[in-house]
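Okay, here's what each chain looks like letter by letter:
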Amino acid sequence: MKVKTYNFKYEGNESLKQYLRNNDIVKHSNILIQLFSGIDQKEFIEEVIRNLVSLIPQAKIIGATTAGEILNNNMLDKSCLISISVFEKTKIKTLVLKDETADFDKGVKIARQLISRNTKVIISFADVTIDGQDFLDGINAINDSIIIAGGIAGKSHIPDNSYVFTENGVEKDAVVAAALESDTLFVSNGSTFNWVPIGREHIITEANGRIIKSIDHISAQEFYNKYIHPNSSEEIEHTREQFPLMIKRNSGYAGRPVLSYLNGTEILISSRIEVGEKIRIGFGDLNRVLEGSLETFKKITENPGESLFIYSCAARKHFLKKRALIELLPLNDDSQTGGFYTYGEFININSDNIFHTETMSMLLLSEDINARIKINKELDYNSHYINDGYSTLYNFLKTIGEELHQLNLTLEEKVEEKTRELEKKYHTDELTGLNNRSKLLIDLAEGKYDKLAIIDIKSFNDINDFYGNMVGDAVLKDFAKLLDLYCKKVGLNSYRLYSDLFAVIDNEKSSHEFIETIRFLQNVIHNQCLFYEEGKIYLGVTIGVALREESLFENAEMALHYAKKNKKAFQIYNETLNIYKDIKENIEWTKKIKEAISGNRIVPFFQPIVDNRLRTVCKYEALIRILGEDGEIIPPYFFLEIAKKAGLYKGLTIKMLEKTFEVINRTGYEISINLAIQDIESQEIRELIIGKLEKAKSPHNIVFEIVESEGIEDFNEVRMFIKEIKKYGSKIAIDDFGTGYSNFSYLMKLNVDYIKIDGSIIKNIHRDKSAEVITKTIVAFAKELGIATIAEFVAEEEIYDKITQLNVDYSQGYYFSKPVQENQLELYT
């Protein structure tokens, strides 16, 4: 034999010496010792390792504490089993990892340090603190083709300690591994579970590591009680092995018994589980479990085999009880089999290493292709049949479960089919049948395309106006057919974006080939004549092209805009042409504004307003700012106009109203809030303001400052708004007063409390006589109406002296303070 395993129950150093001499083991060079200890005393294990190292210094050792030991067809308990495998050509490397890194990272390190070109298998044992699936995921991330065998260290009793060990010592919270390297080693693995999933699939809706908090949005305990109904934690111990949770992993299910209840609502399992994973309740029948074991023995022993190792689950042993010994009956007394009962097994199914519980896993090794492990294939389990009624129940539940599962799969298929139909409808232009703009953006986002042409039909509105919409639609459909036919012929993809705008993308042709193909398409379109009701329609198109993957859509749009603006038929985007720099900036700012709104980075700053008579700060104006991702404070000059054009202005107003009202309620200061005419005309904004006023602590401290007041078209709507907010004691200010021709006339129509004299007048008042005269007029007019005046842009002492001489009531500007954040307001009060 080229691989031979000697299994020895350790009873002392002398008997060990004798056993080694009798079998002439020390003469071998390539030796792997697996040490399975049901005795959890660290000093005992260290003594055994010292003796082994002393007697066989060339041997590599890995081991773990156990929940029972397996010796051929016998079960041991609280024993120490030494399984010594000698190889003719196979080399062995061992490694122990004990550090603070995550379990996934431990798997990565094991893979990187142990796996070489001819590594055939890694046998690994991990302490109970290690998450088995995380550990295996780490190995799989580096190399998912290597078979991993072994499992989690066990305990003889719950209070006992668990350890893993190598020839270098005994460790807790660690992982040990042995890599077998050979060009001639044959490795086979198998496993048997045979619990059946019953009922429908359920979804993990809340979890944290190994703790399941909710399933299908109800507490995990409530869910488990609903189906299994254990009355206590003690009763869980009697039901958890028979009714485990079964987690869907790849094409099968992995069992996870419920270890315990936590906090009245949660349950603990043996490995991490993620939100969104699917589970079913499992059911185990003794007879079916035993039948599965025999089939697995038969199957694995068809492969080359000289030594067999079994890593079986303690939960399985607990479920089978005395019948666990029956599971080992196919083995002979001399079958060279060793192993132990684990707290979870590392198994390889369909070339995927996964963590299981309640399985019996097997590892078969041989350096002889013709060697076979002999088992009792004729074993009749019927003589051990257990007539407890569970088998009938098992068959019933298995059949019902399969029928329900098949029904669920059928429903899922129908849902998927309907989803595909809806996706196709959502991504297809209804008029032309081409893919639409939404589909184009998805395709571009996948990063597979690096060339795009956007095509605009010239003067299409004229066709609609002259011939009518029916003919216009017919033109679009015929154009789409032409475009689709051409694109399919030359290997391009075509889309309709909207109205008369179409697109073509490619990732196969060179830039030169793509440009020539699109130019030829343009000529085809220009030479095409469409007939409608005896009328001829010739089409022309303008095309913008972008040739880089980055910002492909935006660049093609800019090229098209440039071509249309400059009356060109064809334009390729080029940064050196500075094509529509403003458009690009607008796009970038639009993105920044959206992200600032969604990221809650719209912040109010406050500029003090000074009472000129008392020369003290008495109120503030709230001014919008964007807080950049890097902490930069961005003033409205850069984004306010773009927000209006992009339809984002309302979002800015809502954020400013919400945050300014919070400050007013916290501080009790009088603060003015800017409102544009479009804000007042928005029902949503008006309703928000009224709702805030109803809840405000001091609504009389709120001033609404109307900006761009010359744009008022419906004075009645504005008057109604003013009347409504004044019911709460709030005030109205008119901003930028004095620059237009209708200021005085519309001021007569509005019941306002303040007018703010425009900064363009104030900033020159100390050296411009006309500015002084205008200010005098405004002040006199305001006092006649009982309206207070505020001077803006007071930037220096001379200006301040002049406006106080002119009896302006309040001043605001950088002479007093720049706008500040809320936490600095107390400096001015």
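Refer to the structure presented above.
The structure contained in this document is the topic of the report that follows. Everything numeric here is computed off the predicted structure, so don't read it as measured data. Each residue is numbered by its place in its chain's sequence as written, counting from 1. Only residues with pLDDT of 70 or above have their local features reported here, since the model is predicted, and side-chain atom pairs are shown and tallied only from 80 upward, although totals for entire chains, interfaces and linings are computed over all residues. As a convention, hydrogens and water are excluded, and side-chain values are obtained from all of the structure's heavy atoms.

**Considering the overall build of the protein chain**
So, point 1. The helix and strand labels rest on DSSP assignments: H or I over at least four residues marks a helix, E over at least two residues marks a strand, and numbering proceeds from the N terminus. Broken down by element type, the protein chain carries 25 helices and 43 strands.
So, point 2. Here the radius of gyration uses the C-alpha set of atoms, whereas the globule reference equals 2.2 Å times the residue count to the power 0.38. Taken over C-alpha atoms, the radius of gyration comes to 40 Å for the protein chain, far larger than the 28 Å a tight globule of 829 residues would show.
So, point 3. Across its three principal axes, the protein chain shows a C-alpha extent of roughly 120 × 80 × 55 Å.
So, point 4. The 829 residues of the protein chain split such that 53% are buried.
So, point 5. Whether two residues are in contact is decided by their heavy atoms, any of which lying within 4.5 Å being enough. Long-range pairs, those at least 24 residues apart, make up 75% of the contacts in the protein chain with a sequence separation of at least 6.
So, point 6. With an accessible surface of roughly 38900 Å², the protein chain has 48% of that area assigned to carbon and sulfur atoms.
So, point 7. For the protein chain, the distance from the average site of its 101 positive side-chain charges to the average site of its 123 negative ones is 1 Å. For every residue, the accessible area obtained with a 1.4 Å probe (protein chains only) is divided by the maximum for its type, and the residue is called buried under 20%, exposed over 50%, and partly exposed between those limits. Per-residue accessibility takes into account occlusion by the displayed protein chains alone, with areas from the Shrake-Rupley method and a 1.4 Å probe. The positive count covers Lys and Arg only, the negative count covers Asp and Glu only, and His and the chain ends enter neither. To locate a charge, the coordinates of NZ of Lys, CZ of Arg, CG of Asp or CD of Glu are taken.

**Focus: the side chain of Thr192**
So, point 1. Of note, Thr192 is situated in strand 13 (residues 186-192).
So, point 2. Thr192 gets classed as buried once you look at its relative accessible area, which sits at 4%.
So, point 3. Those residues in contact with Thr192 that sit more than four places away from it in its chain are Gly292, Ser293, Thr296, Arg316, Glu358, Thr359 and Met360.

**Examining the sheet that holds strand 3 (residues 60-65)**
The strands that make up a sheet pair up through hydrogen bonds in the backbone, lying either parallel or antiparallel.
So, point 1. At least two DSSP bridges between two strands are needed for those strands to be called paired. The strand order across the open sheet built from 6 strands is 1-6-2-3-10-11, with neighbouring strands paired in mixed fashion. Edge positions in the sheet fall to strand 1 (3-9) and strand 11 (169-171), since each of these pairs with one other strand and no more. Going from strand to strand, the sheet's axes swing by 15° on average, the running direction of each strand aside.
So, point 2. As paired strands, strand 3 and strand 10 (residues 164-166) are joined by 3 bridges and run antiparallel to one another. Only C-alpha atoms enter the line fits that serve as axes; for helices the fit covers just the stretch in contact. Angles between N-to-C directions range over 0 to 180 degrees.

**Re helix 20 (residues 683-695)**
So, point 1. Helix span, expected: 1.5 Å multiplied by one less than the number of residues in the helix. Along its 13 residues, helix 20 runs 19 Å from first to last C-alpha, staying within 8% of the 18 Å computed at 1.5 Å per residue.
So, point 2. Within the span of helix 20, buried status applies to Ile685, Ile689, Ile690 and Leu693. Projected down its long axis, helix 20 carries its buried residues within an arc of 135°, all on one side. Facing away from the buried side of helix 20, by more than 90 degrees, are the exposed residues Gln683, Glu687, Glu694 and Lys695. The arc in question is the one traced by the directions running from the helix axis out to the C-beta atoms.

**Re the side chain of Ser494**
So, point 1. Counting through the fold element by element, Ser494 comes out in strand 29 (residues 493-498).
So, point 2. Of the residues examined, Ser494 reaches a relative accessible area of 7% and is grouped as buried.
So, point 3. If we skip the residues at most four places from it in the chain, Ser494 touches Leu434, Asn435, Leu483, Asp484, Cys487 and Ala503.

**What to know about the environment of Leu20**
So, point 1. With respect to the helices, strands and loops of the structure, Leu20 is situated in helix 1 (residues 13-22).
So, point 2. Separated by 286 residues in the primary sequence, Leu20 and Glu306 have C-alpha atoms spaced 20 Å apart.

**Quick word on the pattern of salt bridges**
So, point 1. Each reported salt bridge corresponds to a side-chain nitrogen of Lys or Arg within 4 Å of a carboxyl oxygen of Asp or Glu. Summed over all chains, the structure comprises 42 salt bridges.
So, point 2. Lys172 serves as the salt-bridge partner of Asp127, at 3.7 Å between the closest nitrogen and oxygen. Of this pair, Asp127 sits in the loop between strand 8 (119-126) and helix 4 (132-142) while Lys172 sits in the loop between strand 11 and strand 12 (175-181), placing them 45 residues apart in sequence.
So, point 3. Close ionic contact of Glu629 with Arg601 constitutes a salt bridge, the shortest N to O distance being 3.8 Å. Note that Glu629 is positioned in the loop between strand 36 (616-627) and strand 37 (633-634) and Arg601 in the loop between helix 16 (581-598) and strand 35 (602-611), a separation of 28 residues in sequence.

**So, the nonpolar core**
One recurring pattern in soluble globular proteins: nonpolar side chains tend to sit buried together.
So, point 1. To define a nonpolar core, start from buried Ala, Val, Leu, Ile, Met, Phe, Trp, Tyr and Cys residues and group those joined through side-chain atoms within 4.5 Å. Ile593, Ile689, Phe704 and Ile755 are the most contacted members of the largest nonpolar core, which totals 66 residues.
So, point 2. In terms of residue count, the dominant contributor to this core is helix 18 (residues 649-667) (7 residues).
So, point 3. Leave out the neighbours within four places in its chain, and Ile689 touches Leu657, Phe661, Leu675, Phe704, Phe721 and Ile725.
So, point 4. Judged by nonpolar contacts, the second largest core, of 31 residues, contains Val471, Phe479, Ile543 and Phe570.

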